[in-house]
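A closer look at the structure
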Amino acid sequence: VIRQGHMLLRGGRGRLALLDTGSPVSIGRGSEYTIAGRSYNPPTGMQSVLDAGGEHIGRRVEWLFGHDFFAANRVLIDWRNRSAQILSPSAVISDGLSIPIELVMGVPIVRGRSGAKRISAVIDSGASLSYVPTDVVEGLTPTGKRKDFYPGFGEFETDVWRVRAEIGGRRLAITAGVLPPMLQMMFGMILGSDGWIVGSDFFRNRSIIIDYPGSRMVDVTASE
C-alpha cells in the first residue's frame, strides 16, 4: 500500500505495517505479523509513534518495521507494482545498480553528490518528504509548502523545493524541505551539519532491494 508517499505492507484483516529504514527500532501493538514463514511481534512501548504516524497518513498503523526487520531480511520493494517480497537467503539478485550503504545507529547512510559537493544521506523509506541543509536551497524558488511530522516533536510545516542529486551513480530529483532547527541538531549528530535525508522519492517508480546483510541497496529496475 502506498499512501501519501509512505510504503506499507498489508497484514491480516487489512492491518498495515509501515516500512521504515529511517527507524533504528521496530514497534507494534501486540499482534503478530507473519510473512515468509516468520512471525514478528515488535515491542509495544512506543505505540504513540504508531498513533502519530497513523494520524498523519489517515489510516491506523499496526506495526512499524525498522532496523531489526531489515537486518534479518533482504526486501524487494517494487513501487510500480505495489508489492514487496522477502527474498530467501539463497535467492540470486538480478543485475542492477548496487549502492553501498553504511549502517550508523541503525539507519542506512549512502554517499553521493549534489553539484560539485559530496553529500551523506540517510535513506528513509518511512519518510514521504526528503530534507536538505538550508544552504542547498538558498536562492531557489519554493514549489509549495508541505506539512510533516516527527514522533516526539509533532507536526510542522516547511517550504519545499525540487533538488537534484546523484547517489551511488544514480541521478534523481527529490522534493525536499528543511527541518526545524531542533531536528536539524538531532540528525546532525548522525550525519553532520551537511547531511541529507532522502525519503520515498528514492523508491518512487523503481524496484529496489534493501540488502542490509550485503551492506547495499540494489536498483534492479532496468534488469526487470
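Please refer to the structure higher up on the page.
I will try to describe carefully the structure that is included in this document. All values reported here derive from a predicted model rather than from experimental measurement.

Quick look at the sheet that holds strand E10 (residues 97–100) now. One open sheet accounts for five strands, arranged E9-E8-E19-E20-E10; its pairing is antiparallel. The open sheet terminates on both sides in strands that have one partner only, identified here as strand E9 (83–87) and E10. Adjacent strand axes in the sheet meet at a mean angle of 20° when their direction is disregarded. Here strand E19 (residues 207–211) pairs with strand E20 (residues 216–219) via four bridges, running antiparallel. Residue pairing for E20: isoleucine 209 is matched across the bridge by valine 218.

Overall, mixed pairing links the five strands, which are arranged E1-E2-E3-E7-E4 in an open sheet. Among the strands making up the open sheet, the edge pair consists of strand E1 (2–3) and strand E4 (27–28). Pairing of strand E3 (residues 16–19) with strand E7 (residues 63–65) involves three bridges; the strand directions are parallel. From the neighbouring strand, alanine 17 faces E7, where its bridge partner is tryptophan 63.

On to the packing of aromatic side chains. In total, this model carries nine aromatic pairs according to the counting rule given. For the pair phenylalanine 69 and phenylalanine 70, a centre-to-centre distance of 5.4 Å together with 80° between the ring planes defines the contact as edge-to-face. For phenylalanine 69, a relative accessible area of 2% puts it in the buried group. Overall, the relative accessible area of 0% leaves phenylalanine 70 in the buried class. Taken together, the ring pairs in this structure connect Tyr33, Tyr40, Trp63, Phe65, Phe69, Phe70 and Tyr212 into an aromatic cluster. Note that arginine 170 overlies the ring of phenylalanine 202, its terminal NZ or CZ placed 4.9 Å from the centroid.

Turning next to the environment of glycine 12. Positionally, glycine 12 belongs in the loop between strand E2 (6–10) and E3. The class of glycine 12 is partly exposed, set by a relative accessible area of 40%.

Side chains of Tyr150, Phe153, Met182, Met186 and Met189 sit close together on the surface and give an oily, nonpolar patch of about 510 Å² of accessible area. No other element matches helix H4 (residues 181–191), which puts three residues into the nonpolar patch. With respect to the helices, strands and loops of the structure, methionine 186 is situated in helix H4. Methionine 186 sits in the partly exposed class, given a relative accessible area of 32%.

Conventions and cut-offs
- Residues numbered from 1 in each chain as written.
- Predicted model: local features only at pLDDT ≥ 70, side-chain atom pairs only at ≥ 80, totals over all residues.
- Heavy atoms only, no water.
- Pairing = 2+ DSSP bridges.
- Helix = DSSP H or I, 4+ residues; strand = E, 2+ residues; numbered from the N terminus.
- Axes fitted to C-alpha atoms, helices over the stretch in contact; angles between N-to-C directions.
- Phe/Tyr/Trp six-rings, centres within 6.5 Å; stacked < 30°, edge-to-face > 60°.
- Buried < 20%, exposed > 50% of the residue type's maximum accessible area, 1.4 Å probe, protein only.
- Lys NZ or Arg CZ within 6 Å of the ring centre and 35° of its normal.
- Patch = residues over 30% accessible without salt bridge, like charges linked within 9 Å, V, L, I, M, F, W, Y side chains within 5 Å.
- Areas by Shrake-Rupley, 256 points an atom, 1.4 Å probe, with all protein chains shown as cover.
- Salt bridge = Lys/Arg side-chain N within 4 Å of Asp/Glu carboxyl O.

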